[in-house]
Amino acid sequence: MNLSRSYILVLDPNCPHRDPRRDDRHPLEAELQYPVFVASSTEQAVHRVNQGIPSLVILVGNNFQDWSQPLVNQLRQHDQAPDMTIVALTDSASPQWNYSEDTPGLDGLLVQPLSMEILRSLVESAFARSICH
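The present account deals with the structure reproduced in this document. (Residues numbered from 1 in each chain as written. Predicted model: local features only at pLDDT ≥ 70, side-chain atom pairs only at ≥ 80, totals over all residues. Heavy atoms only, no water.)

## Side note on the overall build of the protein
1) Next: Scanning the protein for helices and strands turns up four helices and five strands.
2) Next: The order of helices and strands in the protein, counted from the N terminus, is β-α-β-α-β-α-β-β-α. (Helix = DSSP H or I, 4+ residues; strand = E, 2+ residues; numbered from the N terminus.)

## Here we look at the pattern of salt bridges
1) Next: Evaluation of the coordinates by the stated rule reveals two salt bridges.
2) Next: Here Arg76 ties to Asp107 by a salt bridge, and the two come within 2.7 Å at their closest N and O atoms. On the criterion of sequence distance, the pair formed by Arg76 in the loop between α3 (69–75) and β4 (85–91) and Asp107 in the loop between β4 and β5 (108–112) is long-range, its members being 31 residues apart.
3) Next: We note a salt bridge from Arg129 to Asp107, for which the minimum N-O separation is 3.4 Å. (Salt bridge = Lys/Arg side-chain N within 4 Å of Asp/Glu carboxyl O.)

## Observations concerning unusual backbone geometry
1) Next: The amide bond that connects Gln112 to the next residue, Pro113, takes the cis arrangement and shows omega of 5 degrees.
2) Next: Its location among the elements puts Pro113 in the loop between β5 and α4 (116–132).

## Some thoughts on the pairing of strand β3 (residues 56–60)
1) Next: Taking burial as the measure, the five residues of β3 include five buried ones, the bulk of the element.
2) Next: Two elements, strand β1 (residues 8–11) and β3, share four bridges in a ladder whose sense is parallel. When the sheet's bridge partners are listed, Val10 is paired in β3 with Ile58.
3) Next: In this structure, β3 lies alongside β4, joined through five bridges in parallel fashion. Counted as the bridge partner of Ile58 is Val87 from β4. (Buried < 20%, exposed > 50% of the residue type's maximum accessible area, 1.4 Å probe, protein only. Pairing = 2+ DSSP bridges.)

## Quick notes on the pairing of β1
1) Next: Burial of the side chains of β1 extends over both faces: Ile8 and Val10 are buried on one face and Leu9 and Leu11 on the other.
2) Next: Pairing geometry for β1 and strand β2 (residues 36–39), over four bridges, is parallel. Within β2, the position partnered with Leu11 by the bridge is Ala39.

## What to know about α4
1) Next: Its 17 residues give α4 an end-to-end C-alpha distance of 24 Å, which sits within 8% of 24 Å, the value for a rise of 1.5 Å per residue.
2) Next: Among the residues of α4, those classed as buried are Met116, Leu119, Leu122, Val123, Ala126, Phe127 and Ser130. Looking straight down α4, one finds its buried side chains confined to an arc of 130 degrees; they lie on one side. Of the exposed residues in α4, the ones pointing more than 90 degrees away from its buried face are Glu117, Ile131 and Cys132. (Expected span 1.5 Å × (residues − 1). Arc of directions from axis to C-beta.)

## Quick notes on the sheet that holds β4
1) Next: Pairing is parallel in the open sheet, where five strands are placed in the order β2-β1-β3-β4-β5. In this open sheet, the two strands that pair with only one neighbour each are β2 and β5. Neighbour-to-neighbour, the strand axes of this sheet turn through a mean angle of 20 degrees, independent of strand direction. (Axes fitted to C-alpha atoms, helices over the stretch in contact; angles between N-to-C directions.)

## Observations concerning the packing of aromatic side chains
1) Next: Evaluation of the coordinates by the stated rule reveals zero aromatic pairs.
2) Next: Geometry around Tyr7 places Arg48 over its ring, the cationic atom sitting 5.5 Å from the centre. (Phe/Tyr/Trp six-rings, centres within 6.5 Å; stacked < 30°, edge-to-face > 60°. Lys NZ or Arg CZ within 6 Å of the ring centre and 35° of its normal.)

## Things to note about helix α2 (residues 42–51)
Every α-helical turn comprises 3.6 residues, leaving residues that sit three or four positions apart pointing alike.
1) Next: Buried within α2 we find Ala45, Val46, Arg48 and Val49. Buried residues of α2, viewed axially, fall in a sector of 160 degrees; they line one side. Structural note: α2 exposes Glu43 and Asn50 on the side pointing more than 90 degrees away from its buried face.

Right, dumping it as structure tokens:
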């Protein structure tokens, strides 16, 4: 199955397995007007990317290991991945947020709380980047 490039992949290791019969959506799913797939593990995220490259990947976590260099490299292994935007999202109180230079494959680092205007701008930029390449 080849998924459309017009979706957002959110990797949030702290996101519990969700029951599809209930409307317990991830906060980013609820706020965005775009198709969002939330993965709770690296394996699940990589599997989804293998099905179709997203326009935007948001790696959520306060632990550097949640969005480490091996994970970013794994996501970038695909032929169409150079125009995929990958950003990390962490809390402002996290001591990890200033270590983004240790992960050169990241396109940016976002710090929570995150305004909807910034998030929408990022999404639109990522979709435009994926279309232009």
